[in-house]
Amino acid sequence: MMQIQVKIPAIAGTSYTVTIGTDLLGGIIEDVRQIYPRHRFFLITDANVLTAGLPGRLAADKSDELMSFIIEPAGEVSKHIATVTAICEIMDKNAFGRDTCILALGGGTVGDIAGFAASIFKRGVPVVQIPTTTVSQADSAVGGKTGVDSTISKNAFGTFWQPAAVFVDVSTLKTLDERQYRAGLVESVKHALIRDAKYFEYLEQNLDKILARDESILQKLAVYNCRIKAAVVEQDPKEANLRRILNYGHTIGHAVESASNFKLLHGESVAIGIVGAGIIEDKLGLVKDDRLGRIKAMLEKLGQPTSIPLYLAKQQVLTLISHDKKAAGNEIRFVLLDKIGQVHEEKGKWAVPVATELIGESIDLLFHE
Ligand code: GLY
């Protein structure tokens, strides 16, 4: 078992522990009771996690029977404000108070919804994140972003609400279907690309074992991911500048994900977005090595798409890109690389403006990569 401390300077004296290991689920409630001995626990999970039997492993002991909310159907389709309202109403009806501790067991959608509910219920109660997918273990469970989609855009309503603790149990990844498992690994590739060339090499060298879900290798990935994420979030918890690097590949990624009506998974969309960012880097003269070939080879080995599917409309993708949260005024901003492990910085900014024409040309190429 390995523990990483995340210290968030915006909240004086606050830090939380990310515990990484295998077969942790059965001991988590006991561990959380050390922090909150008198709190009432409320579990938020989803139908897929329930089918996989994970809530039973969390509360194997009868005395730990939990009141819970099961998000159904699982996935992005339930990530709207009505789900958060329903959760808060149920807690309120059952006399949960400010001494509530929410346990979020599941993937990114569960974590985002549960974190949001925790941040507004009774003006804010603690949430413990227990991610069970490759996306949420690598990325969304650490760092305190919460939120839901509006009818217009992804994550339109949300808060920054840091978890009280995070437990990354890599054995839960065995319950994922192959497509979900592989797509989520793209967030690990993203971390390596923005911060750590040695991690990228480690991924290249261990791809077969990663795909075979070797738990000792998955724990190493979790340690790399959490260290990278924690280091960035500690410096810039509210995404004023540096934290934007965690959105590498996401400007085009979010656009194709929405344009596909979520037929493309988040990680698959980010894979396309990473290749798109690479094309822009190339056009701007930032590519002076063989990195595009290496990156595409890795994404292909993970079974990820590296071009925009032809059923998507270019104009819709461009419109969605222009709605990206990093856009400022009429400028569309991208996180770009100087090299593997190093993000390109301009005038102290980590997300830099890119001309609309150049984006259009790059999107044209990205349909035919
Ligand atoms: N997933 C990007 C971030 O947490 O900032």
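Just above, that's the structure.
Residues numbered from 1 in each chain as written. Predicted model: local features only at pLDDT ≥ 70, side-chain atom pairs only at ≥ 80, totals over all residues. Heavy atoms only, no water.

Novice: Describe the overall build of the chain, listing the residues and the values that go with them.
Specialist: Helix and strand content of the chain: 15 helices and 13 strands. Taking 2.2 N^0.38 as the reference for a compact globule, 369 residues should give roughly 21 Å; the C-alpha atoms of the chain span a radius of gyration of 20 Å, in line with that estimate. C-alpha extents for the chain along the principal axes are approximately 60 × 40 × 40 Å. Excluding contacts between residues fewer than 6 apart, the proportion of contacts in the chain whose partners are at least 24 apart in sequence is 75%. If you average the places of the 41 positive and of the 44 negative side-chain charges in the chain, the two averages end up 4 Å apart. (Helix = DSSP H or I, 4+ residues; strand = E, 2+ residues; numbered from the N terminus. Rg over C-alpha atoms; globule rule 2.2 N^0.38 Å. Contact = heavy atoms within 4.5 Å. Lys, Arg positive; Asp, Glu negative; His and termini not counted. Charge placed at Lys NZ, Arg CZ, Asp CG, Glu CD.)

Novice: Would you mind going over the site of the ligand in detail, with residue names and values included?
Specialist: Inspection of the region around the ligand gives D139, K145, K229, E239, R243, L246 and N247 as its neighbouring residues. K145 is positioned such that a nitrogen or oxygen atom in its side chain is 2.9 Å from an oxygen atom of the ligand. Taking R243, its side chain carries an N or O atom lying 2.7 Å from an oxygen atom of the ligand. Protein burial of the ligand: of its 200 Å² of free accessible surface, 90% is covered by the chains. Split by residue class, the shell around the ligand holds 1 nonpolar, 1 polar and 5 charged. (Near = heavy atom within 4 Å. Polar contact = N/O pair within 3.5 Å; in protein donor to acceptor, adjacent residues only side chain to side chain. Areas by Shrake-Rupley, 256 points an atom, 1.4 Å probe, with all protein chains shown as cover. Nonpolar A, V, L, I, M, F, W, Y, C, P; charged D, E, K, R; others polar.)

Novice: So what's going on with unusual backbone geometry? Which residues, and what values?
Specialist: The linkage connecting E72 with the following residue, P73, adopts the cis geometry, with an omega of -5°. Mapped onto the elements of the fold, P73 is located in the loop between β4 (67-71) and α4 (81-93). Of note, A95 is a non-glycine position whose phi angle comes to about 60°, a positive value. Examined against the element boundaries, A95 turns out to sit in the loop between α4 and β5 (100-106). Of note in this structure, K122 is not a glycine but carries a positive phi near 50°. Residue position: K122 is located in the loop between α5 (108-120) and β6 (127-131). Residue classification places K122 among the partly exposed positions, given a relative accessible area of 33%. (Buried < 20%, exposed > 50% of the residue type's maximum accessible area, 1.4 Å probe, protein only.)

Novice: Go over the packing of helix α11 (residues 250-259) against helix α12 (residues 266-283) with me, naming the residues and quoting the values.
Specialist: The N-to-C vectors of α11 and α12 enclose an angle of 135°; their axes lie 7 Å apart at closest approach. One finds that α11 runs oblique with respect to α12. Regarding α11 and α12, the two cross each other, and that crossing is right-handed. Together, H250, I252, G253, H254, V256 and E257 of α11 and H266, S269, V270, I272, G273, G276, A277 and I280 of α12 make up the contact between the two elements. Grouping the amino acids of the contact of α11 with α12 by side-chain chemistry returns 6 nonpolar, 7 polar and 1 charged. (Axes fitted to C-alpha atoms, helices over the stretch in contact; angles between N-to-C directions. Parallel < 35°, antiparallel > 145°, perpendicular 65-115°, else oblique. Left-handed = near helix turned anticlockwise from the far one by under 90°.)

Novice: A description of the pattern of salt bridges should follow, citing residues and the corresponding values.
Specialist: One pass over the full model with this rule turns up 19 salt bridges. Between K154 and E76 there is a salt bridge whose closest N-O contact spans 3.2 Å. Residue K154 is found in the loop between β7 (145-148) and β8 (157-160), and its partner E76 is found in the loop between β4 and α4; the two are separated by 78 residues along the sequence. With respect to class, K154 is no different from E76; both count as buried. What emerges from the salt-bridge pattern is a single network uniting D139, E187, K190 and K229. (Salt bridge = Lys/Arg side-chain N within 4 Å of Asp/Glu carboxyl O.)

Novice: Give a description of the side chain of Q304 that names residues and reports values.
Specialist: Mapped onto the fold, Q304 is located in the loop between α13 (291-301) and α14 (314-322). Among the polar contacts made by the side chain of Q304, one reaches the main-chain carbonyl oxygen of L302 at a distance of 3.1 Å.

Novice: Tell me about the state of the cysteines, residues and numbers included.
Specialist: Per the stated rule, a full pass over the model turns up 0 disulfides. Among the cysteines around C88, which has no disulfide bond, C101 carries the closest sulfur, lying 15 Å off. Under the relative-accessibility criterion, C101 is labelled buried at 0%. (Disulfide = S-S within 2.5 Å.)

Novice: Which residues make up the side chain of S362, and what values go with them?
Specialist: Within the secondary structure layout, S362 lies in helix α15 (residues 356-366). The exposure class assigned to S362 is buried, which follows from its relative accessible area of 1%. Contacts of S362, omitting those with residues within four sequence positions, involve I279, I280 and K283.

Novice: Lay out the environment of S362 with the relevant residues and their values.
Specialist: The sequence separation of S362 and I279 amounts to 83 residues, and the corresponding C-alpha distance is 6.0 Å. A polar side-chain atom of S362 sits 2.8 Å from the main-chain carbonyl oxygen of L358.

Novice: Let's hear about helix α10 (residues 215-235): which residues, and what values?
Specialist: The first and last C-alpha atoms of α10 sit 30 Å apart over 21 residues, in line with the 30 Å expected at 1.5 Å per residue. Listed as buried for α10 are I217, L218, L221, A222, V223, N225, C226, I228, K229, A230, V232 and V233. (Expected span 1.5 Å × (residues − 1).)

Novice: Give a detailed account of the packing of α4 against α5, specifying residues and quantitative values.
Specialist: Interaxial distance between α4 and α5 falls to 9 Å at its minimum, and their mutual angle equals 55°. Overall, the two elements α4 and α5 adopt an arrangement that is oblique. Along this stretch, α4 crosses α5, giving a crossing that reads as right-handed. From α4, I81, T83, V84, I87 and C88 reach across to α5, where they touch I113, F116, A117 and I120. Looking at the contact of α4 with α5 residue by residue, the classes come out as 8 nonpolar, 1 polar and no charged.

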